[in-house]
Amino acid sequence: MPGWVERFNNDRKHAKGWHSPAHKTKNPCVKNRKRCEGRREVMGGFLDSYLLLCVCLTLVFCCSPSLCSVSSSPPSSCKLRRKFHLNGMHKPGDVVLGGLFEVHYTSVFPEWTFTSEPQQPSCKGFDTLGFRHAMTMAFAIDEINKNSNLLPNLTLGYSLYDNCGALIIGFSGALSLASGQVDQFLLQDNCLGTPPVLGIVGDHYSTFSIAISNVLGLYKIPTVSYFATCSCLSDRQRFPSFFRTIPSDAFQILKHFGWTWVGLLVSDDDYGLHVAQSLQSDLAQSGGGCLAYLEVLPWDSDPSELKRIVYLIKTSTARVVIVFAHEIHMIQLMEEVVRQNVTGLQWIASEAWTSAAVLQTPRFMPYLSGTLGIAIRRGEIPGLRAFLLQIRPDLHHNNSYGNSMVRQFWEYTFQCRFAPPPAGWIEVGGKSCTGDEDIGNVETEFLDLSNLRPEYNVYKAVYALVYALDNILQCEPGRGPFSEHSCATLKTLEPWQLLHYLQKVNFTTPFGDQVSFDENGDASPIYDIMNWLWLPDGRIKVQNVGEVKKSVFKGEELTLDEDKIFWNFESKEPPRSVCSESCPPGTRMARKKGEPECCFDCIPCSEGKISNSTDSMKCTSCPEDFWSSPQRDYCVPKKTEFLSYHEPLGICLTTTSLLGTFICAVVLGIFIYHRSTPMVRANNSELSFLLLVSLKLCFLCSLLFIGRPRLWTCQLRHAAFGISFVLCVSCILVKTMVVLAVFKASKPGGGASLKWFGAVQQRGTVLALTCIQAVICTAWLVSASTAPHKNTEYHNDKIVYECVVGSTIGFAVLLGYIGFLAILSFLLAFLARNLPDNFNEAKFITFSMLIFCAVWVAFVPAYVNSPGKYADAVEVFAILASSFGLLVALFGPKCYIILLRPEKNTKKAIMGREKRKS
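The structure displayed is predicted, hence computed values, not measured ones.

S.K.: So what about empty space enclosed by the protein? Which residues, and what values?
M.R.: As enumerated under the stated definition, the model contains five cavities of 30 Å³ or more in all. Taken together, His204, Tyr205, Ser206, Thr207, Phe227, Ala228, Thr229, Tyr271, His326, Glu351 and Ala352 make up the full set of residues lining the largest cavity. Taken together, the residues of the lining of the largest cavity break down into five nonpolar, five polar and one charged.

S.K.: Outline the pattern of salt bridges, supporting the account with residue identities and numerical values.
M.R.: Taken as a whole and assessed by the stated rule, the structure comprises 22 salt bridges. Note that arginine 363 is salt-bridged to glutamate 335, the shortest N-O span being 2.8 Å. Here arginine 363 is found in the loop between strand 14 (346–349) and helix 10 (365–368), whereas its partner glutamate 335 is found in helix 9 (residues 327–340), with 28 residues between them in sequence. The exposure class assigned to glutamate 335 is partly exposed, which follows from its relative accessible area of 24%. Ionic pairing is found between aspartate 872 and arginine 717, a salt bridge with its closest N-O pair at 3.4 Å. Here the residue aspartate 872 occupies a position in helix 22 (residues 869–900), and arginine 717 occupies one in helix 18 (residues 711–745), the gap between them amounting to 155 residues. Arginine 717 carries the same exposure label as aspartate 872, and that label is buried.

S.K.: Which residues make up the side chain of serine 611, and what are the values?
M.R.: Tracing the chain through its elements places serine 611 in the loop between strand 25 (609–610) and strand 26 (620–621). Polar side-chain contacts of serine 611 include one of 2.7 Å to the backbone oxygen of threonine 587. For serine 611, the contacting residues outside a window of four places in its chain are Pro584, Pro585, Gly586, Thr587, Cys605, Ser616, Lys618, Arg632 and Asp633.

S.K.: Quick one: what's the story with helix 13 (residues 454–473), residue by residue and with numbers?
M.R.: Between its first and last C-alpha atoms helix 13 spans 29 Å; for 20 residues at 1.5 Å apiece the expected length is 28 Å, and the two agree. Summarising burial for helix 13: 17 of the 20 residues are buried, a large majority.

S.K.: So what's going on with the pairing of strand 20 (residues 526–534)? Which residues, and what values?
M.R.: Extensive coverage of strand 20 is indicated by the burial of eight of its nine residues. Where strand 15 (residues 372–376) lies against strand 20, five bridges are found, and the strand directions are antiparallel. By the bridge assignment, glycine 373 is partnered in strand 20 with methionine 530.

S.K.: Explain the UniProt feature "transmembrane region" (unreviewed entry) in the protein chain to me, using residue names and the numbers behind them.
M.R.: Under the UniProt annotation, "transmembrane region" (unreviewed entry) lies at residues 648–673, 685–707, 719–743, 764–784, 804–832, 844–864 and 876–899. Counted over residues 764–784, helix gives 95% and strand 0%. Its end C-alpha atoms are 30 Å apart. Along residues 844–864 the backbone is 100% helical and 0% strand, and the end-to-end C-alpha distance reaches 31 Å.

S.K.: Explain the state of the cysteines to me, using residue names and the numbers behind them.
M.R.: Taken as a whole and assessed by the stated rule, the structure comprises nine disulfides. Covalently, cysteine 475 is tied to cysteine 487 through a disulfide, its sulfur atoms 1.9 Å apart. Linking cysteine 475 and cysteine 487, the disulfide has an S-S dihedral of approximately -60 degrees and is accordingly described as left-handed. Taken together, the positions of cysteine 475 in the loop between helix 13 and helix 14 (495–502) and cysteine 487 in the loop between helix 13 and helix 14 put the pair twelve residues apart, joining distant regions of the chain. The buried category is assigned to cysteine 475, whose relative accessible area is 17%. A sulfur-sulfur separation of 2.0 Å characterises the disulfide bridge that pairs cysteine 583 with cysteine 602. Given an S-S torsion of about -95 degrees, the disulfide between cysteine 583 and cysteine 602 has left-handed geometry. Residue cysteine 583 is found in the loop between strand 22 (555–560) and strand 23 (587–591), and its partner cysteine 602 is found in strand 24 (residues 600–604); the two are separated by 19 residues along the sequence. According to the relative accessible area criterion, cysteine 602 is partly exposed, its value standing at 32%. Left without a disulfide partner, cysteine 728 is nearest to the cysteine sulfur of cysteine 698, which lies 5.0 Å away.

S.K.: Give me a nonpolar patch on the surface: which residues, what numbers.
M.R.: Residues Leu658, Val693, Leu697 and Leu700 make up a contiguous nonpolar surface patch of about 300 Å² in total accessible area. Per element, the largest residue contribution to the nonpolar patch is three residues, and it comes from helix 17 (residues 685–701).

S.K.: Can you explain the layout of surface pockets? Please cite residues and give values.
M.R.: Reported here for the largest pocket is a volume of approximately 1400 Å³. Lining the largest pocket are 43 residues; nearest its centre among them are Leu129, Glu327, Ser355, Ala356 and Ala357. Put simply, the parts of the chain that give the lining of the largest pocket at least two residues each are helix 1 (3–14), strand 5 (104–108), helix 3 (128–145), helix 9, strand 15, helix 13 and strand 21 (540–551). When residues of the lining of the largest pocket are assigned to their parent elements, the largest contribution, five residues, is made by helix 3. Classifying every residue of the lining of the largest pocket by side-chain character gives 18 nonpolar, 13 polar and twelve charged. Counting only domains with at least three residues in the lining of the largest pocket, you end up with domain 1 (81–111 + 119–247 + 453–516) and domain 2 (252–349 + 356–381 + 525–564).

Reading the values: the criteria
Residues numbered from 1 in each chain as written. Predicted model: local features only at pLDDT ≥ 70, side-chain atom pairs only at ≥ 80, totals over all residues. Heavy atoms only, no water. 1 Å grid on protein atoms, 1.4 Å probe; cavity = no way out; pocket = protein on both sides within 12 Å on 5 of 7 lines; lining within 4 Å. Points joined across faces, edges and corners; volume = space filled by probe spheres on them. Nonpolar A, V, L, I, M, F, W, Y, C, P; charged D, E, K, R; others polar. Salt bridge = Lys/Arg side-chain N within 4 Å of Asp/Glu carboxyl O. Helix = DSSP H or I, 4+ residues; strand = E, 2+ residues; numbered from the N terminus. Buried < 20%, exposed > 50% of the residue type's maximum accessible area, 1.4 Å probe, protein only. Polar contact = N/O pair within 3.5 Å; in protein donor to acceptor, adjacent residues only side chain to side chain. Contact = heavy atoms within 4.5 Å. Expected span 1.5 Å × (residues − 1). Pairing = 2+ DSSP bridges. UniProt positions renumbered as here; feature names shortened; annotations may be inferred. Disulfide = S-S within 2.5 Å. Patch = residues over 30% accessible without salt bridge, like charges linked within 9 Å, V, L, I, M, F, W, Y side chains within 5 Å. Areas by Shrake-Rupley, 256 points an atom, 1.4 Å probe, with all protein chains shown as cover. Domains from an automatic or database assignment.

Next up, the structure:
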């Protein structure tokens with residue numbers, strides 16, 4: 001026997017469904033995640049091709065293909081070469097619908113010797129619920145035949161087959177439905193006429209549906225599945241005639257509870273591998289999560305492999321485990337979970353085991369209690385119970401092998417055998433079936449209709465096909481959808497014509513659910529969210545806690561009653577299952593090298609940048625006039641900085657300025673009051689008055705440097721400062737020149753010098769020198785005017801309001817001119833320092849100019865190195881210091897004599913001193 005045939009037979013003994021020989025060996029995919037990802041990309045197509053190849057080879061080796069072909073002798077005849085011997089149930093009709101159901105859940109295949117015709121495989125393990133699925137289709141067709149509004153004057157029949165939990169048998173049943181199996185369903189001798197079936201309800205499994213639809217899709221035979229959920233079946237290119245009344249697998253639960261770090265376990269078949277691809281794709285597109293691990297559950301109960309997988313689950317940080325697998329996988333997995341005592345997990349169930357009673361045992365419930373799963377939409381089917389109670393073997397041709405389902409159900413339910421009984425049955429005390437047993441008196445889940453889920457989908461699938469057929473028959477000639485606006489007729493009806501109408505079906509069930517198909521053949525998503533609850537009295541309850549429904553406006557919408565959900569944790573709260581906690585506002589996510597995208601560090605935003613949402617990928621910069629808050633979660637206006645009247649430094653400078661102004665006013669008042677005294681009149685009182693006024697202006701101009709900079713204050717501050725100081729220094733320069741001229745005039749032959757320094761010349765000199773500064777200021781403001789400026793270079797979190805000088809050259813010329821006059825005054829005063837006391841004001845001028853020059857020489861480096869408001873403060877300080885220096889040095893001694901030593905403020909005293917000196 002070839003090796004692959006031997007492996008194929010061995011696999012059949014272990015699997016509920018068909019699987020490839022490679023699945024029996026340890027899967028290297030689960031040990032190497034990167035290799036696994038590459039394997040999954042090609043696994044779907046590989047499995048499909050492998051399935052079809054093995055089915056075709058099996059058909060050849062078994063010598064029993066069910067193919068409708070033209071024989072070689074009479075070209076016009078059409079007959080079947082062989083028949084598959086399948087469990088089935090049939091009812092004739094004008095139009096026949098086919099069905100594929102799992103009435104038995106496993107099969108036993110005979111050994112192949114290839115020396116004689118092999119025996120047919122035998123079905124084992126009767127599935128009461130699978131039989132109820134088939135009877136639901138029979139009920140729906142019986143109900144439709146009684147409905148005068150649907151298919152009037154037309155009798156609907158059915159042909160139902162048992163796939164026995166094996167792909168090869170299910171595939172054989174599909175071929176039998178497509179080509180005809182029972183005599184009354186054969187085509188005409190010339191192979192024309194209505195096909196044996198116009199549409200098929202089934203199959204149960206995604207893997208079976210993939211293989212069957214790959215073949216039947218070539219002939220556009222509509223197939224409407226009631227339980228296949230693999231998202232791969234939505235591919236219209238591969239499966240053009242496939243529809244389903246169950247939504248494809250999707251999970252809104254993860255997103256709802258914020259579970260972004262989950263483990264995924266899948267069965268080793270097309271269904272599991274396609275689910276893995278689909279879930280990974282959905283997670284990647286939504287950015288809502290990633291997989292901590294992805295493991296493939298073996299079909300054979302390999303203890304070492306299961307031990308490795310469960311240990312991985314136990315040590316992983318993911319607290320949520322999603323399982324897309326069959327009941328047999330879960331039983332094997334949970335046995336190992338119990339052995340390793342893995343608790344504290346939240347299990348998420350696929351529809352395949354959400355309602356599996358075999359897992360709801362006291363042994364497993366300490367671990368599976370609290371499980372959340374998706375389940376097919378529960379529905380109500382009025383009249384189904386009465387129909388099931390009417391089942392009798394004699395009503396279904398129990399003598400025919402082709403109508404064997406009811407006989408097998410009867411024997412399984414009543415534990416009896418129909419005549420002739422198997423050898424030894426009577427001897428061991430077995431009962432004989434009469435067919436008169438009352439099924440209503442038997443406690444069986446067959447009659448428990450409180451949780452109709454797959455049955456409800458079967459019911460909708462039948463009605464979808466019937467509504468499509470009814471729309472065909474209501475077509476008006478000349479207004480049809482086919483070529484030349486023709487309509488299909490019952491005698492010439494082709495499956496692809498029914499396919500056209502099936503795509504447009506839209507009806508509402510008695511339960512209130514709307515049934516229609518999208519462009520991919522998928523029904524509108526609507527399914528229930530179930531929660532496993534272990535009650536204190538030991539009973540187990542699977543309760544409905546929500547639903548997922550798709551609406552036109554809101555898309556898929558999850559509704560959950562979280563108060564009803566039982567959580568199998570001490571906190572009685574949903575678990576946290578994240579690789580990294582969410583990054584709060586004020587931080588950004590930074591991927592960890594070599595880790596999935598759900599694993600990241602939270603990096604605080606740098607200064608000036610913020611993130612105002614959770615799990616932000618980047619920090620955004622604040623606008624120019626804003627800065628980040630201390631928490632870096634929002635932008636706040638930057639603090640503005642300028643030399644304000646309200647801060648201590650501004651208050652001190654303002655007070656000092658006003659004090660200097662007040663002192664100048666007082667001194668001016670004193671001089672005006674004593675203007676006739678010799679001390680005031682001794683050295684040109686007019687220049688003294690003008691000097692006091694200029695000093696007052698110097699004190700007042702410092703106020704322009706305090707407060708928020710504005711255009712007019714910026715333009716006026718330096719001009720006022722420059723002109724005021726030039727006026728002041730000019731007066732001092734002229735006074736110094738007058739002192740020298742008077743001293744020279746006192747010498748013999750020096751009287752002519754005084755005529756050049758009369759009152760008019762003094763005023764003219766002061767005016768001329770001041771006008772030069774005015775011209776400099778005007779030229780500066782016209783060419784490069786000073787203006788307010790927001791400076792953000794000094795401090796990132798502050799805006800420094802300042803007046804830019806506009807032209808550094810203009811500012812330098814202004815200061816240079818003041819400095820030139822000050823130095824000239826200092827030199828002249830220094831030369832006159834030894835003149836007689838009564839004429840000698842030069843000493844005070846020298847001292848005042850020394851102070852003035854020292855202040856402004858120190859000002860330059862201090863100003864250059866002071867940022868922002870401190871530059872203005874330095875300039876104000878220089879103005880005030882130099883002004884006070886001039887005021888005190890020039891007018892302090894005179895005020896002392898005028899106020900405190902009035903006896904010296906007489907002409908006699910001044911002349912007396914002169915005489916004593918001479």
